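Observations on chain architecture
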Amino acid sequence: MDMGLTGRRLLLVIGGGIAAYKTLELIRLLHRAGAETRVVLTEAGSRFVTPLSLAALTGHPPRTGLFQPDEETAMGHIELSRWADLVVVAPATAGLIAKAAQGLADDLASTTLIATDKRVLMAPAMNVRMWLHPAVQANVARLAAFPGPGVAFVGPDEGDMACGEFGPGRMVEPPAILAAIAAELAGPAARPLAGRRALVTAGPTFEPIDPVRGLTNRSSGKQGYAIAAALAARGAEVTLVSGPVALDAPPGVTRVWVETAREMQAACDAALPADLAVMTAAVADWRPDQVATGKIKKAPGGPPALALTENPDILAGLSAAGPRRPALVVGFAAETDDLIANARRKLSRKGCDWIVANDVSADVFGADGNAATLITGDGEESWPRQSKTALAAALADRIARHFTGTPA
Ligand code: CTP
């Protein structure tokens, strides 16, 4: 697949983190896509990957210091920082992020980051507590607010970490960094949602009955994940609040795992403020009134009666969130009968702006295809049966047009 990277020049700054080994794979992917790479390796980075591996992969010795006469005469560090079409920092450690945010130039990597006139893409990698530390978050916010060419971020991901902890902080996988590089190089027209924060819910919820059983539904999460990916590909900063599904998080998307409707509601609340929300999750309407602490046993009197209680309506709550309400709230209406009329009723009952009327009477749950009608304040737009990815692209384009004010 042509990613538009042929002949493009990438300067990779490799910081000192265990994720540095993944950057070797990124270099291979970049070369396969036709790009040219040069590397600046920090002192700490050289503890994780060797200059020899990098020289072998890129065809050029990596640059390691400010005061290396042979390196400087080959291409001065200022020239190097201008040579690139994009500067990629991977892994971006807390230290590198702090230096870049403060303009501290005390080694080649940090000097390059403020000498460059090009956009910088950072792929953070650090322990979860470090990533969540207010100092790091403040530095990230400061960098993200820099005027053009500016600094962009991809990730971090949530997951198991080399240090044995779990949470956000893991560097995103090389294919996701590659996709982010391609999107950056495609320019602003390809990122109409840059600077917008999006919240997407997806998948089913699971409402426990006892430690081994629960109430759930057949949502696969595929449509919601495709929408999160399509919004991220258009530049949005996406938080995907996901019930239990067997899907990988799309590149560049921050995924938050939840199980129950109430956890989903709390995670959505924590993801605010957001400019837009697309609620595709199949939230269980009810949950067992009581969750048994031990496994419920078969008893002579027959099966137990399950008393149910209503779950909060997350979409309706978000639509009525006052000043915290996203400017555009999109709901989904899963209907088997009287599709458009039922969806219109749902739109006004829930107080969202748009609703995607989704006919689930046929083969939709778990399938790769879907058909839908988008109902907005202005009218209706019908999307015939197509892949969930194509449908997601149609919706994301429609959302982008809404925010950029471009006519259809
Ligand atoms: N939704 C939600 N929280 C709920 C139920 C639904 O946020 N507790 C959202 C879904 O994510 C979707 C929309 O509301 O965007 C409609 O969901 P749907 O299941 O079609 O509707 P219900 O509210 O369950 O209504 P009904 O049972 O009458 O079809």
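Residues numbered from 1 in each chain as written. Predicted model: local features only at pLDDT ≥ 70, side-chain atom pairs only at ≥ 80, totals over all residues. Heavy atoms only, no water.

Scanning the protein chain from N- to C-terminus turns up 14 helices and 19 strands. By the compact-globule yardstick of 22 Å for 408 residues, the protein chain fits well, its C-alpha radius of gyration being 24 Å. By principal-axis analysis of the C-alpha atoms, the protein chain measures approximately 85 × 55 × 40 Å. Looking at the protein chain alone, contacts between residues at least 24 apart form 66% of all its contacts between residues at least 6 apart. (Helix = DSSP H or I, 4+ residues; strand = E, 2+ residues; numbered from the N terminus. Rg over C-alpha atoms; globule rule 2.2 N^0.38 Å. Contact = heavy atoms within 4.5 Å.)

For the rest of this paragraph, the subject is the site of the ligand. Taken together, 15 residues lie near the ligand, and Met279, Ala281, Leu315, Lys346 and Lys350 sit nearest. Measuring from a nitrogen atom of the ligand, one finds a backbone N or O atom of isoleucine 314 at 3.0 Å. At 2.6 Å from an oxygen atom of the ligand is found a side-chain nitrogen or oxygen belonging to lysine 346. A total of 580 Å² of accessible area belongs to the ligand in isolation, and the protein chains cover 79% of it. Those elements that provide at least two residues to the shell around the ligand are helix 12 (314-319), strand 16 (328-335) and helix 13 (339-350). Looking at the shell around the ligand, the element that brings in the most residues is strand 16, giving four residues. (Near = heavy atom within 4 Å. Polar contact = N/O pair within 3.5 Å; in protein donor to acceptor, adjacent residues only side chain to side chain. Areas by Shrake-Rupley, 256 points an atom, 1.4 Å probe, with all protein chains shown as cover.)

Ordered in space as 12-11-8-13-16-17-18-19, the eight strands form an open sheet in which the pairing is mixed. In this open sheet, the two strands that pair with only one neighbour each are strand 12 (254-257) and strand 19 (379-387). Between one strand axis and the next, the sheet turns through 15° on average, direction left out of account. When strand 16 meets strand 17 (residues 354-359), the two strands line up parallel, connected through six bridges. Each residue of the ladder has a partner; that of glutamate 335, found in strand 17, is aspartate 359. Where helix 10 (residues 222-233) meets the sheet, its contacts fall on strand 8 (197-202), strand 11 (237-242), strand 12, strand 13 (276-279), strand 16 and strand 18 (369-376), and the angle it forms with strand 11 comes to roughly 170°. In the packing of helix 14 (residues 388-404) onto the sheet, contacts are made with strand 13, strand 16, strand 17, strand 18 and strand 19, and the angle to strand 19 comes to roughly 150°. (Pairing = 2+ DSSP bridges. Axes fitted to C-alpha atoms, helices over the stretch in contact; angles between N-to-C directions.)

The next point concerns helix 10. Since there are 3.6 residues in each turn of an α-helix, residues three or four apart along the chain are aligned in direction. The terminal C-alpha atoms of helix 10, which comprises 12 residues, lie 16 Å apart, in line with the 16 Å expected from a rise of 1.5 Å per residue. Burial of helix 10 is extensive: nine of the 12 residues sit out of reach of the surface. Listed as buried for helix 10 are Gln223, Gly224, Tyr225, Ala226, Ile227, Ala228, Ala230, Leu231 and Ala232. The positive-phi residue at the C-terminal boundary of helix 10 is glycine 235, with phi of around 100°. (Expected span 1.5 Å × (residues − 1). Buried < 20%, exposed > 50% of the residue type's maximum accessible area, 1.4 Å probe, protein only.)

A separate point is the packing of aromatic side chains. Across all of its chains, the model carries zero aromatic pairs by this definition. One residue, arginine 38, lies across the ring of tryptophan 83, its end atom 5.2 Å from the ring centre. (Phe/Tyr/Trp six-rings, centres within 6.5 Å; stacked < 30°, edge-to-face > 60°. Lys NZ or Arg CZ within 6 Å of the ring centre and 35° of its normal.)

What follows is about the nonpolar core. Ranked by size, the top nonpolar core spans 33 residues in total, and within it Leu231, Val238, Leu276, Val278, Leu395 and Ile399 carry the most contacts. At the level of elements, strand 8, helix 10, strand 11, strand 13, strand 16, strand 17, strand 18 and helix 14 are the ones that each hand at least two residues to this core. Discounting chain neighbours no more than four positions away, the residues touching leucine 276 are Arg197, Ala198, Leu199, Leu231, Pro326, Leu328, Ile399 and Phe403. (Core = buried A, V, L, I, M, F, W, Y, C linked by side-chain atoms within 4.5 Å.)

Further remarks concern the pattern of salt bridges. Per the stated rule, a full pass over the model turns up 20 salt bridges. Here arginine 8 ties to aspartate 85 by a salt bridge, and the two come within 3.3 Å at their closest N and O atoms. Of this pair, arginine 8 sits in the segment before strand 1 (9-14) while aspartate 85 sits in the loop between helix 4 (77-83) and strand 3 (86-92), and the two are 77 residues apart along the sequence. Arginine 8 gets classed as partly exposed once you look at its relative accessible area, which sits at 25%. Aspartate 85 gets classed as partly exposed once you look at its relative accessible area, which sits at 27%. For the salt bridge of glutamate 184 with arginine 119, the shortest nitrogen-to-oxygen distance reads 2.4 Å. (Salt bridge = Lys/Arg side-chain N within 4 Å of Asp/Glu carboxyl O.)

Here we come to the environment of leucine 374. Here leucine 374 shows up in strand 18. Not counting chain neighbours up to four residues away, the residues in contact with leucine 374 comprise Trp354, Ile355, Val356, Gly379, Glu380, Glu381, Trp383, Leu395 and Arg398.

Attention shifts here to the environment of proline 273. Checked against the element boundaries, proline 273 lands in the loop between helix 11 (261-271) and strand 13. Spatially, the C-alpha atom of proline 273 lies 9.0 Å from that of alanine 198, the residues being 75 residues apart in sequence.

Further remarks concern the sheet that holds strand 3. In space, the five strands of this open sheet follow the order 2-1-3-4-5, with parallel pairing throughout. Here the strands that pair on one side only, and so sit at the sheet edges, are strand 2 (36-41) and strand 5 (151-153). For this sheet, the mean angle separating the axes of adjacent strands, direction not counted, is 25°. In the sheet, strand 1 pairs with strand 2 via six bridges, with the strands oriented parallel.

Position of arginine 255 relative to the elements: it lies in strand 12. Aspartate 248 is the oppositely charged side chain nearest to the buried, salt-bridge-free arginine 255, at an N-O distance of 5.4 Å. Of note is the side chain of arginine 255, whose polar atom sits 3.0 Å from the side chain of tyrosine 225. In this structure the side chain of arginine 255 is engaged in a polar contact, spanning 2.7 Å, whose partner is the backbone oxygen of leucine 247. For arginine 255, the contacting residues outside a window of four places in its chain are Glu158, Tyr225, Leu240, Ser242, Leu247, Asp248 and Ala249. (Lys, Arg positive; Asp, Glu negative; His and termini not counted.)

Limitation: the analysis is restricted to geometry and does not speak to function.
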